[in-house]
Amino acid sequence: MSEDLDDLTTSQREALGQLQAITNGADIPSEIAILASVNWDVQRAAEAIFDSQTSTTQPKLEQMQIDDSTQGLPPPNRTHVHTPIAPIARIGLNLVSLATFPISLSFSVLSHLFHFIFRILRIPLPRLSSTNISFNLSTILGRSSHPRTHHPNDPASVADRFVRELEDETGAMTVSRARASRREDEPGPSILAAGQDVLVDPKRKLLPDFWLGSYESALDAAKREARVLCVVLLSDEHDDTPGFRRNVLTDPELVRVLTENEFIVWAGETRESEAYQASMKLTATTYPFVAFISLQPRVRSTSSAPSNPSLAILSRHSGCTAETLVTHITETILPRMTPFLGRLQAQSRARETDRLLRLEQDNAFHASERADAERILRRRAEEAEQIAREEAMRRAEREKKNQDELKGRWRRWAHSRLSDEPSGGVRIGVKLPDGRRAIRRFDESDSLEVLYTFVDGKLYPIDRDEPGEVSEPQDYVHEWEFKLAVAFPRTEVPCLPGRKVGDVDALKGGANLVVEGFARGEESDESDE
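These figures come from a predicted structure and were not determined experimentally.

Draft legend 1. Main features of the sheet that holds strand E10 (residues 491–493). Strand order in the open sheet made by the five strands is E8-E7-E11-E9-E10, with mixed pairing throughout. Where the open sheet ends on each side, the last strands, each with one partner, are strand E8 (437–442) and E10. Across the sheet, the mean angle from the axis of one strand to that of its neighbour is 35°, orientation sign disregarded. Across the sheet, helix H15 (residues 448–459) is in contact with strand E7 (426–431), E8, strand E9 (483–486), E10 and strand E11 (511–516); its angle to E8 comes to roughly 150°.

Right, dumping it as structure tokens:
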């Protein structure tokens, strides 16, 4: 306690002393919290204490994780579904009603008595549905006289059902649904289509957009988005509730102020468990009840360390009019909270901008990294392909060189086996591609291979003076690079294995042959070019 007093300034201690003198209070921490919530205004703090008519301890606002499924409003084009109502039993006297009449009468008297006592004491009592308090002989016997309708009890469904019933009762429509219906139903030129909002349309009766979710999720949204939360609690046990629904919640100026300043509006009836728990946390005793909740800086010592803001109750109102709420919002809530919440929202936007910038930079870095990796892989593939091409060329050159060596070796070996020209036999002349003529006599028993070897020696001159004996190359089959044919009439003389000169009719008695298919000269020209 002494630490709390040490943190106060002189003017704050004077305000605390004045408040204790008025209220005769002894709970100093609670009184300090109330003074801090009303900006150390002693008169407003005293009014808040006396109006609450409860203990001066400020309720703790519990924080819960936000359920994403309960955020926001339903799609505007959602079809309005009316909840089916259970059929009402037919009025009349029968044996069952006569037998259960005393019990039903006693239960009804006790129920009304308890409701009367709780209303006198101003204690909210959750109202049970008729299906829970009905007691008849059919229930005792385990039989149902008519089917019951079961409604979902999750906070989102309860909130949506509350909004639907409120729209049916008041004939109004929430702002978001009104805007959606304007886009769908009035595509042609009109005042709204010209750009004006539904908030200024005098023909429409509007309701503010309500938070469709639990009370805790609305608190979390107000804290996360740095917005003011307006809590509306209703009770059918109070006579002012119907008028508050029809006149206050549909007031055009109140709807406009709440919508334009982006208030989060959460509402409920105390007969539902969610609204009942909210009324206990907010110490609501008189209905209709309205409370405003928002983030506020924590009361800290003179330490320079920054403190995180926390949710606090700005004000409570019971049985107020629309004009009172509008005046309180415009003259108290907005001037007091707009600068602070604006700074929080600007900080949140700056953090989000920094996060998006870092995310964009990370994405650009990763994209550049991927591009560099792809470029390196592509360059490596090109280098590998170039190496493979060069290796293939070198291998082809080696193969060609090896083949040339084998051909030269075979020619030297073949020409070494060529016998001397006989004195008799068949005289054959061969016209070479360069125009020269080669003439030689061949014995008719010579094979055609001897003829082709003679011509091959004229086409590929052999160095006969090369020292050493030449053996036939192993695993080599020589292919002739030319053909011989009789000039006229043209008759080809192929080199067939085992065929002799005397076996060819065109060569008997001598012949003049020409060389065909020889391309060595053309290849040489191309290589020179």
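Draft legend 2. Region of the structure containing the sheet that holds strand E3 (residues 229–234). Across the sheet, which stays open at both edges, the four strands sit in the order E4-E3-E5-E6 with mixed pairing between neighbours. Lying at the two open borders of the sheet, with one neighbouring strand each, are strand E4 (264–269) and strand E6 (310–318). Between one strand axis and the next, the sheet turns through 20° on average, direction left out of account. Where E3 meets strand E5 (residues 289–296), five bridges bridge the pair, whose relative direction is antiparallel. Bridging from a neighbouring strand, Leu 229 pairs with Ile 293 of E5.

Draft legend 3. Focus on the packing of helix H8 (residues 155–170) against helix H11 (residues 241–248). Closest axis-to-axis distance for the H8/H11 pair is 10 Å, and the angle between their directions is 80°. With respect to H11, the element H8 is oriented roughly perpendicular. Seen from H8, the contacting residues are Phe 162, Leu 166, Glu 169 and Thr 170; seen from H11, they are Pro 242, Arg 245 and Arg 246. Residue composition of the contact of H8 with H11, by class: three nonpolar, one polar and three charged.

Draft legend 4. Quick peek at the pairing of E7. As defined by bridge partners, E7 adjoins E8 across six bridges and the pair is classed as antiparallel. In the sheet register, Arg 427 faces E8, and the bridge partner there is Arg 441. Once E7 ends, the chain turns through five residues before running back antiparallel as E8, passing Gly 435 with a positive phi of about 95°.

How each quantity is defined
Residues numbered from 1 in each chain as written. Predicted model: local features only at pLDDT ≥ 70, side-chain atom pairs only at ≥ 80, totals over all residues. Heavy atoms only, no water. Pairing = 2+ DSSP bridges. Helix = DSSP H or I, 4+ residues; strand = E, 2+ residues; numbered from the N terminus. Axes fitted to C-alpha atoms, helices over the stretch in contact; angles between N-to-C directions. Contact = heavy atoms within 4.5 Å. Parallel < 35°, antiparallel > 145°, perpendicular 65-115°, else oblique. Nonpolar A, V, L, I, M, F, W, Y, C, P; charged D, E, K, R; others polar.

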